[in-house]
Amino acid sequence: MNTVIQVSDVSKNFGSHIVLEKISLQVNRAAIYGLLGPSGAGKTTLVKMIAGIETPTKGSIKVLDTLMPNLHNMTKIGFMAQSDALYGELSGKENLEFFASIYGLKGEKQKERIEHAASLVNLTEFLKKQVHQYSGGMKRRLSLAAAILHEPQILILDEPTVGIDPVLRQSIWNELYKLSENGTTILVTTHVMDEAEKCSQLGMLRDGRLIASGSPRQLKESTSSETIEEAFLYYGGVRHEN
Amino acid sequence: METFDYIGPFLIGFFIFFFVFLIAGVSFLRERTTGTLERLLATPLRRWEMVAGYVLGFGIFTVIQSAIIVAFAIFVLDIMMAGSIWFVVLITLMLAVTALSLGTLLSAFAKNELQMIQFIPIVVVPQVFFSGLFNIETMADWLQPLSYIMPLTYGGEAIRDVMIRGGGWGQIYDEVLILAGFSLLFMTLNVLALKKHRKL
């Protein structure tokens, strides 16, 4: 059991607005950790801090035993943002080439990685098309491909399956399982309860606090609920009674 | 010498400054609004590398643009040209890089394309009055010192030195250096402004 992501007592405010309060969690190697919570709960802020884009107001975040933010560590992280950060004027292939070269992938290696990543997300035949002609789901998949180009040890995905049809969602999850079997640690945010079941570890986030964490089964058993949704309501409700 | 010969050098400098400022500003702004800036900040790229990359990438196109505008003015419009065309290209290029770095810097303070347009009356229009089209000495005393902080003052002066007075490197090097200084200053400020998005 080795810890890859260690979040200790992290708080974050934007001005006087408190977004996250005293979050502590840890993610082990090759786990699929799901951050579950309604929109506005602070999921995106938390993953951005782990990815090294934002810095915590209080507390510390260590990724691979190194304090974040750290530029060298960022080469080991793949990040897929909530918005499809792609260049619409460029083709899918050009977008991937651009991101690959940022990570120093060149020549044959770059070509090979692009082909691999594109086939993973079923976009091989659309690579020559300009991205602004892509559908929403295709853009999401291209974003995912861009995040895994450099074979990151840690993959951070912010709402990866929004706007993706169920068949494709299943195939993306299958890919995530494969990546995690090969040792990639995956941190994924979602507000879809049934998706949470697919994670090996879960953290429930509400109003900037981590209200519960554990494996989906543990969370359900300890609250004697049938579904993750019930468990979430249970933990959310307990906090309100206090 | 006709009026057009007198106004021509100023117009060359002005158009280059205006268009490069606007296009660079809007496109850097779009990096922010479309999320690609954040995506880039999630990579190990350093902030200065992003700013320098932007200036270099756009710089290539501004070289072409400068060359076209200058060549058009001299060969098609037949504006008086006493000095060397290469000096004019050099000056306009420096002016373009200044506009480029200023545009990308100011885009940090705009929320959308429309707000970028609002910088035109604040940044571009005042420069018209200091670019040499009007005699600075005839302005109100308190306005005159402003000319020192306007890049177009130096660009316009240098272009007229070459095109009208036939000046060479000796006449323009100080203005070219000052423009380079402006560019460096704006780029440095932009690297600092990006800190708002990522501390590192």
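Residues numbered from 1 in each chain as written. Chains lettered and ligands numbered in written order. Predicted model: local features only at pLDDT ≥ 70, side-chain atom pairs only at ≥ 80, totals over all residues. Heavy atoms only, no water.

K.L.:
Residue-level account of the overall build of chain A, with values.
P.N.:
Across its full length, chain A holds nine helices and ten strands. By the compact-globule yardstick of 18 Å for 242 residues, chain A fits well, its C-alpha radius of gyration being 18 Å. When burial is assessed residue by residue, chain A has 54% of its 242 residues classed as buried. Intrachain contacts of chain A at a sequence separation of at least 6 include 66% that bridge at least 24 residues. Accessible surface for chain A amounts to roughly 11000 Å². Of this, 48% is attributable to carbon and sulfur atoms. (Helix = DSSP H or I, 4+ residues; strand = E, 2+ residues; numbered from the N terminus. Rg over C-alpha atoms; globule rule 2.2 N^0.38 Å. Buried < 20%, exposed > 50% of the residue type's maximum accessible area, 1.4 Å probe, protein only. Contact = heavy atoms within 4.5 Å. Areas by Shrake-Rupley, 256 points an atom, 1.4 Å probe, with all protein chains shown as cover.)

K.L.:
So what's going on with the sheet that holds strand β5 (residues 66-67) of chain A? Which residues, and what values?
P.N.:
All names here are of chain A. The four strands lie next to each other as β2-β1-β4-β5, forming an open sheet whose pairing is antiparallel. Both outer strands of the open sheet, β2 (17-28) and β5, are each paired with one neighbouring strand and no more. Direction of pairing for strand β1 (residues 3-14) relative to strand β4 (residues 58-63): antiparallel, over a ladder of five bridges. Within β4, the position partnered with Gln-6 by the bridge is Lys-62. (Pairing = 2+ DSSP bridges.)

K.L.:
Residues and numbers for the interface of chain B and chain A, please.
P.N.:
Contacts between the two partners involve 18 residues from chain B, matched on the other side by 23 residues from chain A. Considering only the surface of chain B that becomes buried against chain A, Glu38(B), Arg39(B) and Pro44(B) emerge as the three largest contributors, covering 35% of it. One salt bridge connects Glu89(A) with Arg30(B), and the closest N-O pair in it is separated by 3.0 Å. Of all elements in the fold, only α1 (3-33) and α2 (36-41) of chain B reach the threshold of two or more residues within the side of chain B that touches chain A. (Buried area = accessible area lost by both parts, 1.4 Å probe. Salt bridge = Lys/Arg side-chain N within 4 Å of Asp/Glu carboxyl O.)

K.L.:
Run through the pairing of β2(A), naming residues and quoting values.
P.N.:
Residue and element names in this part refer to chain A. One ladder, built from eight bridges, connects β1 with β2; its direction is antiparallel. Its bridge partner being in β2, Thr-3 is matched across the sheet by Asn-28. Connecting the antiparallel pair β1 and β2 is a turn made up of two residues, with Gly-15 showing a positive phi of about 65°.

K.L.:
Tell me about the nonpolar core, and name the residues and values.
P.N.:
Among the nonpolar cores identified, the biggest contains 140 residues, and Ile5(A), Leu46(A), Ile50(A), Val63(A), Ile156(A), Met204(A) and Phe21(B) are the most heavily contacted of them. Each of domain 1 (1-76 + 153-241) and domain 2 (87-151) of chain A gives at least three residues to this core. If we skip the residues at most four places from it in the chain, Leu46(A) touches Leu20(A), Ile23(A), Leu25(A), Leu35(A) and Leu205(A). (Core = buried A, V, L, I, M, F, W, Y, C linked by side-chain atoms within 4.5 Å. Domains from an automatic or database assignment.)

K.L.:
Kindly report on the pattern of salt bridges, identifying the contributing residues and their values.
P.N.:
Think of it this way: side chains of opposite charge can pair up when their charged atoms draw near. Under the criterion given, the structure shown has 16 salt bridges over all chains. Between Lys43(A) and Glu159(A) there is a salt bridge, and its shortest N-O distance comes to 3.6 Å. Here the residue Lys43(A) occupies a position in helix α1 (residues 43-51), and Glu159(A) occupies one in the loop between β7 (154-158) and α6 (166-181), the gap between them amounting to 116 residues. The pair Lys43(A) / Glu159(A) is uniform in exposure class, with both members buried. Residue Glu151(A) pairs with Arg113(A) through a salt bridge whose shortest N-O separation is 3.7 Å. Within this pair, whereas Glu151(A) is found in the loop between α5 (136-148) and β7, its partner Arg113(A) is found in helix α4 (residues 107-120), the two being separated by 38 residues in sequence. Residue classification places Arg113(A) among the buried positions, given a relative accessible area of 10%. Connected through salt bridges with shared partners, the residues Glu157(B), Arg160(B), Asp161(B) and Arg165(B) form a single ionic network.

K.L.:
Help me get a handle on the environment of Lys196(B), residues and values and all.
P.N.:
All names here are of chain B. Mapped onto the elements of the fold, Lys-196 is located in the segment after α8 (169-193). Relative accessible area serves as the criterion here: at 58%, Lys-196 is assigned to the exposed category. In this structure, the C-alpha to C-alpha distance between Lys-196 and Ala-108, residues 88 residues apart in sequence, is 9.3 Å.

K.L.:
So what's going on with the packing of helix α3 (residues 47-76) of chain B against helix α4 (residues 85-107) of chain B? Residues and values would help.
P.N.:
Residues and elements named next belong to chain B. At a minimum axis distance of 8 Å, the contact between α3 and α4 shows a crossing angle of 135°. By the criterion of interaxial angle, the relationship of α3 to α4 is oblique. For the pair α3 and α4, the crossing hand works out as right-handed. Across the interface between the two elements, Tyr-54, Val-55, Phe-58, Gly-59, Thr-62, Val-63, Ser-66, Val-70, Ile-74 and Phe-75 of α3 pack against Ile-85, Val-88, Val-89, Thr-92, Leu-93, Ala-96, Val-97, Leu-100 and Thr-104 of α4. Residue composition of the contact of α3 with α4, by class: 14 nonpolar, five polar and no charged. (Axes fitted to C-alpha atoms, helices over the stretch in contact; angles between N-to-C directions. Parallel < 35°, antiparallel > 145°, perpendicular 65-115°, else oblique. Left-handed = near helix turned anticlockwise from the far one by under 90°. Nonpolar A, V, L, I, M, F, W, Y, C, P; charged D, E, K, R; others polar.)

K.L.:
Quick one: what's the story with the side chain of Asp161(B), residue by residue and with numbers?
P.N.:
Residue and element names in this part refer to chain B. Positionally, Asp-161 belongs in helix α7 (residues 151-163). In this structure Asp-161 comes out as buried when scored by relative accessible area, which is 8%. Not counting chain neighbours up to four residues away, the residues in contact with Asp-161 comprise Gly-166, Gly-167, Gln-171, Ile-172 and Glu-175.

K.L.:
Explain α7(B) to me, using residue names and the numbers behind them.
P.N.:
All names here are of chain B. Taking 1.5 Å per residue, 13 residues should reach 18 Å; α7 reaches 18 Å between its end C-alpha atoms and fits that length. When α7 is considered as a whole, its buried residues turn out to be Pro-151, Leu-152, Thr-153, Tyr-154, Gly-155, Gly-156, Ala-158, Ile-159, Arg-160, Asp-161, Val-162 and Met-163. Looking at the buried side of α7, the elements it contacts are α1, α3, α4, α6 (119-130) and α8. (Expected span 1.5 Å × (residues − 1).)

K.L.:
Kindly report on the confidence of the model for chain A, identifying the contributing residues and their values.
P.N.:
Counting all residues, the mean pLDDT for chain A is 86, and 98% of those residues have values of 70 or more. The weakest mean pLDDT in chain A belongs to helix α9 (residues 228-241) of chain A at 71; the strongest belongs to helix α3 (residues 92-102) of chain A at 92. (pLDDT = per-residue confidence, 0-100.)

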